[in-house]
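Spelled out, the chains give:
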Amino acid sequence: MVSRKIEIMDTTLRDGEQTSGVSFSASEKLTIAKLLLEELKVDRIEIASARVSEGEFQAVKSITSWASNNGYIDAVEVLTFVDNGVSINWMIEAGAKVQNLLTKGSLNHLTHQLKKTSSQHFKEISETISLAKEKGIQTNVYLEDWSNGMRNSKEYVYEFLEFLNTQPVKRVMLPDTLGVITPEESFTFVSEIKTKYPNIHFDFHAHNDYDLGVANAMEALKAGADGLHLTINGMGERAGNAPMASTIAVINDFMPFIEIGVNEKVLYTVSKLVENFSGVMIPANKPVIGANVFTQTAGIHADGDNKKNLYFSDLLPERFGRTRKYALGKSSGKANIQKNLQELGLQLNDEDLKKVTQRIIELGDKKQVVTKEELPYIISDVLDSNSIEKRVVVESYLLAHSKGMKPSTTLRLKVEGVQYEGHAQGDGQFDAFMNALRKLYKRHSKKDLPDLIDYTVRIPPGSSSDALCETIITWTNNGKEFKTRGLDSDQTVAAIIATQKMLNVVIV
């Protein structure tokens, strides 16, 4: 099959901004527009609807000013209306040169919304297109509700296309406005139209109400569509539009007869920026751009990757400026841990690797995923713990901290098989724990505890509030200093673990 070049039009700044609760500022719109055209290298961008607001006008003006100075003005488009030239005057003032004229693509919309005949509608459209041409504005035409038009009023759609075939229109845009057609219909409808009008440029505009946006776009291309409308992160009204990242990946991997100019490498970067600007979070399992989509959790998968990349596909993370990760949790196993150790430049013998694996499984029961950055802390904790004989065990404790009352601790300690219980208050939860511990330790050994002289808490760089926390405590005993470490997702628990290690170091 002979390959053909198609256009990718991004409508994040227009249709995507119709996502509930989303409104980009003028500076955000300009930043996104620059990235889409200069870095992602889409062919065109639709940036606004005419006449919406003063803020929209200023945003369009800033984009068109930049685009004019950098050779992109013909790639910047604005949605307009059949309104006796009001939209065109708005465009001229904003500096835009390409209008996407919204018209009625189904008899249902024409009859019940406009309450006009097809001849009346076509006459007004013709006048609008003529005025645009006179003012130096290029016209593309949207056939709103086209998919339902093809289902229920096909004669009207063909009557409309016959009319448009006589007009100075550059592109005709075919939207599945309500996101209701199937992939089979997408192929059939576009194929019929393209066969009848081979010289008209047709764009296909998919919505995702049935999660069929990518499949419908794929079938429209097979049927001969000349362009696609997509949005970053699939943003858009209701369930959104066909998503840019997934659609581009599908075209590149499964449609060798289609040529596009989009730069895959920056898809993730642009997606994250739009996520930050919009406040709409990308689902962790979103194909190509989700946080988890290149993370292997099961140990058998990591083992397979070590053996001829058995769990790799063409959907490699490096294509999108990302890296493969191997999650550390209760189902990860030794292979995942070895992968992370390789990335960190660390090595463990088989015995220590088993100990670390067991510790990660235990942590995974409490905290689903352990990060690679936390791994050195776990190794340090495990190897340190296994070097100390556990003659003293902190069996149980209750930490209480209520506003307006002193923190308190009830503690049960087992020393060489003998249990001790005690209670104390303190200036904080750990201080209360230490006060209770001093009483019990004195009761057993008739000696004082070592003095705590330094207490350091750290979490891996870039972590959040649920990160593993390492507490390092420096003690002095009979003039000698030593350190113990504790690791847990709770800071106080980590300190208690470090303290238990201290007890096993000094007990006599």
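Residues numbered from 1 in each chain as written. Predicted model: local features only at pLDDT ≥ 70, side-chain atom pairs only at ≥ 80, totals over all residues. Heavy atoms only, no water.

**Focus on the pattern of salt bridges**
Within this structure, the stated rule accounts for 29 salt bridges. With a shortest N-O distance of 3.0 Å, Lys-29 and Glu-56 are connected by a salt bridge. Taken together, the residues span a long stretch of sequence, with Lys-29 in helix α1 (residues 26-40) and Glu-56 in helix α2 (residues 54-70) at a distance of 27 residues. Comparing Lys-29 with Glu-56, the two get one shared label, buried. Via salt bridges that share partners, Glu-7, Arg-44, Glu-77, Arg-171 and Asp-203 belong to a single interconnected network. (Salt bridge = Lys/Arg side-chain N within 4 Å of Asp/Glu carboxyl O. Helix = DSSP H or I, 4+ residues; strand = E, 2+ residues; numbered from the N terminus. Buried < 20%, exposed > 50% of the residue type's maximum accessible area, 1.4 Å probe, protein only.)

**Focus on the nonpolar core**
Counting residues in each nonpolar core, the largest one holds 92 residues, and the members touching the most others are Ile-8, Trp-146 and Leu-161. When residues of this core are assigned to their parent elements, the largest contribution, 7 residues, is made by helix α7 (residues 154-164). Excluding residues that lie within four positions of it along the chain, Trp-146 makes contacts with Gly-105, Val-157, Leu-174, Pro-175, Ile-181, Phe-189, Val-190, Ile-193 and Phe-204. Within the second largest apolar cluster, 25 residues are counted, among which are Ile-473, Phe-482, Ala-498 and Met-502. (Core = buried A, V, L, I, M, F, W, Y, C linked by side-chain atoms within 4.5 Å. Contact = heavy atoms within 4.5 Å.)

**What to know about helix α3 (residues 86-94)**
Note that an α-helix has 3.6 residues per turn; residues three or four places apart therefore point the same way. Those residues of α3 that sit buried are Ser-87, Ile-88, Trp-90, Met-91 and Ala-94. Taken end-on, α3 shows its buried residues confined to a sector of 160 degrees, consistent with a single buried face. Packed against the buried residues of α3 are β3 (44-49), α2, β4 (76-81), β5 (98-104) and α5 (118-134). Once α3 ends, the next one or two residues include Gly-95, with phi positive near 85 degrees. (Arc of directions from axis to C-beta.)

**Observations regarding the sheet that holds strand β14 (residues 408-415)**
One open sheet accounts for 3 strands, arranged β13-β14-β15; its pairing is antiparallel. At either end of the open sheet lies a strand with only one pairing partner, and these are β13 (392-400) and β15 (418-425). This sheet shows a mean twist of 15 degrees between the axes of neighbouring strands, independent of strand direction. Pairing geometry for β13 and β14, over 8 bridges, is antiparallel. Residue pairing in the sheet places Tyr-397 in a bridge with Leu-411 of β14. (Pairing = 2+ DSSP bridges. Axes fitted to C-alpha atoms, helices over the stretch in contact; angles between N-to-C directions.)

**Remarks on empty space enclosed by the protein**
Enumeration according to the criterion identifies 1 cavity of 30 Å³ or more in this entry. What the largest cavity holds in volume is close to 30 Å³. Lining the largest cavity are Val-392, Leu-413, Val-415, Tyr-441, His-444, Leu-503 and Ile-507. Every element with two or more residues in the lining of the largest cavity is listed here: β14 and α16 (429-445). Here the lining of the largest cavity is built from residues that sort into 6 nonpolar, 1 polar and no charged. (1 Å grid on protein atoms, 1.4 Å probe; cavity = no way out; pocket = protein on both sides within 12 Å on 5 of 7 lines; lining within 4 Å. Points joined across faces, edges and corners; volume = space filled by probe spheres on them. Nonpolar A, V, L, I, M, F, W, Y, C, P; charged D, E, K, R; others polar.)

**Considerations on the pairing of β4**
Extensive coverage of β4 is indicated by the burial of 5 of its 6 residues. Pairing geometry for β4 and β5, over 5 bridges, is parallel. Within the sheet, the bridge partner assigned to Thr-80 lies in β5 and is Leu-101. Handedness of the crossover joining β4 and β5 through α3 is recorded here as right-handed. (Right-handed = clockwise from strand over helix to strand, strands pointing away.)

**Some details on the packing of aromatic side chains**
All chains considered together, the criterion is met by 13 aromatic pairs. Between Phe-122 and Tyr-156, the aromatic rings sit 6.2 Å apart at their centres with planes inclined by 20 degrees, giving stacked as the arrangement. Of this pair, Phe-122 sits in helix α5 while Tyr-156 sits in helix α7, and the two are 34 residues apart along the sequence. Just as Phe-122 is buried, Tyr-156 falls in that class too. Through pairs of rings, three or more aromatic residues link up here, namely Phe-122, Tyr-156, Phe-160 and Phe-163. Cation over ring: Lys-196 sits above Tyr-158, and NZ or CZ is 6.0 Å from the ring centre. A cation sits over an aromatic face here: Arg-322 above Tyr-268, 4.2 Å from the ring centre. (Phe/Tyr/Trp six-rings, centres within 6.5 Å; stacked < 30°, edge-to-face > 60°. Lys NZ or Arg CZ within 6 Å of the ring centre and 35° of its normal.)

**So, the packing of α5 against α7**
For the pair α5 and α7, the least separation of the axes is 11 Å and the interaxial angle reads 30 degrees. It follows from the interaxial angle that α5 and α7 lie roughly parallel. Along this stretch, α5 crosses α7, giving a crossing that reads as right-handed. When α5 is examined against α7, the residues Ser-118, His-121, Phe-122, Ile-125 and Ser-126 are found in contact with a partner set consisting of Tyr-156, Glu-159, Phe-160 and Phe-163. Its residues placed into classes, the contact of α5 with α7 shows 5 nonpolar, 3 polar and 1 charged. (Parallel < 35°, antiparallel > 145°, perpendicular 65-115°, else oblique. Left-handed = near helix turned anticlockwise from the far one by under 90°.)

**Some details on the pairing of β5**
Here β5 lies mainly inside the structure; 6 of its 7 residues are buried. Bridge analysis of β5 against strand β6 (residues 138-144) gives 7 bridges, and the strand direction is parallel. Residue pairing across strands places Lys-104 opposite Glu-144, the latter belonging to β6.

**Concerning the side chain of Thr-492**
Counting through the fold element by element, Thr-492 comes out in helix α17 (residues 491-506). Other than its neighbours up to four places away in sequence, Thr-492 contacts Leu-399, Gln-429 and Phe-430.

**Points about the packing of α1 against α2**
α2 packs onto α1 with a crossing angle of 35 degrees between their chain directions and a minimal axis gap of 9 Å. For α1 against α2, the interelement crossing comes out right-handed. Of the residues in α2, those touching α1 at Ala-26, Lys-29, Leu-30, Ala-33, Lys-34, Leu-37 and Glu-38 are Glu-56, Ala-59, Ser-62, Ile-63 and Trp-66. Taken together, the residues that form the contact of α1 with α2 break down as 7 nonpolar, 1 polar and 4 charged.

**Quick look at the side chain of Thr-471**
Of note, Thr-471 is situated in strand β17 (residues 469-477). If sequence neighbours within four positions are ignored, Thr-471 has contacts with Tyr-455, Thr-456, Val-457, Thr-484, Arg-485, Gly-486, Gln-491, Ala-494, Ala-495 and Ala-498.

**Examining the confidence of the model for the protein**
Mean pLDDT over the protein stands at 88; residues scoring 70 or higher make up 86%. Within the model, pLDDT remains below 50 along residues 298-307, and this stretch shows 29 contacts once partners closer than five positions in the same chain are excluded. (pLDDT = per-residue confidence, 0-100.)

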